[in-house]
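Fold and contact review
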Amino acid sequence: MKKALTALLCFWCGFGSAQTAEELLNDGKNTENVTTFGMGYDLKMYSPLKQINKSSVRRLVPIWSFSLANDMGEHSQPTIYNGVMYVVNGSWTFAIDVATGRQIWRTPVQYERAALRVGTAGAIMRGPATIYNGKLFRQTVDAHVVALDMKTGKEIWKEKFADFREGYIGVIAPIIVNGVLISGMAGGDRTTRGFLDGYDPETGKRLWRTYTIPAPGEKGSETWPNQEFPDAWKYGGAATWQAGSYDPQLDLYYIGTGNAEPYNPVYRKGMDSLYCASILAIRPRTGEMVWYYQTVPNDSFDFDASAESVLAELVVDGEMRKVLINAHKNGFLYVLDRTNGKLIAANPFVKQNWAQRIDLKTGRPVLTDVLDRAMKGETVAVFPGRGTNAALIAFNPKTGLVYLNSWNQARVMKYVDFKFVLGTGSTGIESTVDTPKGEPIGYHAAIEPLTGNVVWQTPLTDLPSSAGMLATDGGLLFTGLLTGEVIALDQDNGKRLWQFKTGSSIVAPPITYTHKGRQYVSVLSGIGGSMPTRIAGKEVPAGGSVWTFALMPE
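Computed from a predicted model, the values in this text were never measured in an experiment.

As a further point, take the sheet that holds strand 36 (residues 511-515). The strand order across the open sheet formed by four strands is 2-38-37-36, and the pairing between neighbours is antiparallel. Each edge of the open sheet carries a strand with a single partner, namely strand 2 (60-67) and strand 36. The sheet shows a mean angle of 30° between the axes of neighbouring strands, taken without regard to direction.

Moving on, we get to unusual backbone geometry. For the bond from E261 to P262, the omega torsion is -10°, close enough to zero to count as cis. Residue position: P262 is located in the loop between strand 16 (252-256) and strand 17 (278-282). Look at the link from L274 to Y275: it is a cis peptide, with omega at 0°. A positive phi angle, near 50°, is found at N178, a position not held by glycine. Tracing the sequence through the fold places N178 in the loop between strand 11 (175-177) and strand 12 (180-183). Of note in the backbone geometry, D251 takes a positive phi value of approximately 50° without being a glycine. Note on placement: D251 falls in the loop between strand 15 (245-247) and strand 16.

This part covers the layout of surface pockets. Each pocket or cavity is described by its volume, and for the second largest pocket that value is around 730 Å³. Lining the second largest pocket are 32 residues, and of these L25, D27, K29, D42 and K44 lie nearest its centre. For the lining of the second largest pocket, the secondary-structure elements that each account for two or more residues are helix 1 (2-15), helix 2 (18-25), strand 1 (46-47), strand 15, strand 19 (310-316) and strand 36. In terms of residue count, helix 2 provides more of the lining of the second largest pocket than any other element does, three residues in total. When grouped by side-chain class, the residues that make up the lining of the second largest pocket number 15 nonpolar, eight polar and nine charged.

This next bit is on the sheet that holds strand 25 (residues 380-382). Hydrogen bonding along the main chain pairs the strands of a sheet, whether they run parallel or antiparallel. The strand order 25-28-29 describes an open sheet built from three strands, whose pairing is antiparallel. Single-partner strands in this sheet number two, and they are strand 25 and strand 29 (429-434). Within this sheet the neighbouring strands show an average axis-to-axis angle of 30°, counted without direction. Where strand 25 meets strand 28 (residues 410-415), three bridges bridge the pair, whose relative direction is antiparallel.

Rules behind the numbers
Residues numbered from 1 in each chain as written. Predicted model: local features only at pLDDT ≥ 70, side-chain atom pairs only at ≥ 80, totals over all residues. Heavy atoms only, no water. Pairing = 2+ DSSP bridges. Helix = DSSP H or I, 4+ residues; strand = E, 2+ residues; numbered from the N terminus. Axes fitted to C-alpha atoms, helices over the stretch in contact; angles between N-to-C directions. 1 Å grid on protein atoms, 1.4 Å probe; cavity = no way out; pocket = protein on both sides within 12 Å on 5 of 7 lines; lining within 4 Å. Points joined across faces, edges and corners; volume = space filled by probe spheres on them. Nonpolar A, V, L, I, M, F, W, Y, C, P; charged D, E, K, R; others polar.

The following block contains the structure:
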């Protein structure tokens, strides 16, 4: 494995800056920088820092805040490199001095405003500013990938990857993997066909495209009704709208795909519909799919598998295994062998009624009668409406626990007739959201990934949380609330130890890092996204900002 990694780094030396590539691989080892999403390619959202701990967190105070001049929502993670913070949102790209919060440069995002009518969530960026070899990469809502100069913010290249008028939008951060810029797409609730693109980061030339729905004759096409509905595969969903993780030793990039379209399975003949609602392992240099695992065959409930997958090592039956952990929107916490995609465990982490269990031999869910009842025309309450809301989970390798924010709501839905119109909504359902009377609307929770055992959970009674989790060696969990608070929880029991009220909702993942040896915590504030806005938009004002915290001297 060491030889393989050395060879990989040597390959990168010829491709670009070896130092930059190595920094991406070793994100987290140099605590002065945060160069990748999720605090590392493995997306553990874990930091060994402990200056800020359960004893000292009471002295945590804001040292600066910075307006992001945006009211469409902040879902991005800051990127930190050599004392500069880079932030992206739908309207701007910023470079900010970490020490003072002073703007170094800002570049407006140039896009066709008509694209805002396509995405239900608007121009909200998911993921960080991606940096590599002196360039910053991002998407624009009108379906372009852009490269900027990190020093000046000037545009270097810009490439169109789809037509937003057909339902495609750009809201996901690209990622540099083995010298290739990999970029996904959004548009999962509209008439789109999912794909991943690989680009040369120097020139913007597209190197490959891998579709997440096979064309007729390709492997997996037999799971689509190519005769009865010959165009179903062209507009069937499987969007790649959240970030992926990467194992450099296996040289595999892991990405989840979105729901099938339309949700109403009549228009897909109730077939499995590969590779919707699936986790894919991709070769970054070629786009080749090495393996897949479909979490929900014939996805009929909007159960995206797009949640980010955490990479970890766990002891399974006495043997250390390389695993992938995924807290699925369908309410099950999955553990896969990431070398081959084989299912190891799948346990519910929230209330659910659509499946009796996940069969560990076949990997398929054993369904209840909910789908049958819906197919007969009933209005059904499907639990969960969403197990989590597109929020990063955290995994602490020292405790072996997963930490997450869950939602306790049902989708009350009924299948209706669907009429195809290119570029428009493509669900085939009518639905509302309902919280069981007298029950919490969500939880902060700590869970054993292999058994599903809930070690602790603390209820959320006002609004659920859409923010990511961050675990530290200071015994803390940092996250945020839709009511605007950044909070620190005790990792042992979920007790709230600290909070600070910002001006809008926290729907972004917090990060921690050091600057000249002092530990900082930074997070973006700003309500955005379809569900947070629907739930809290009348109670919480819009407006984006970034907040940075450090310990007040004793």
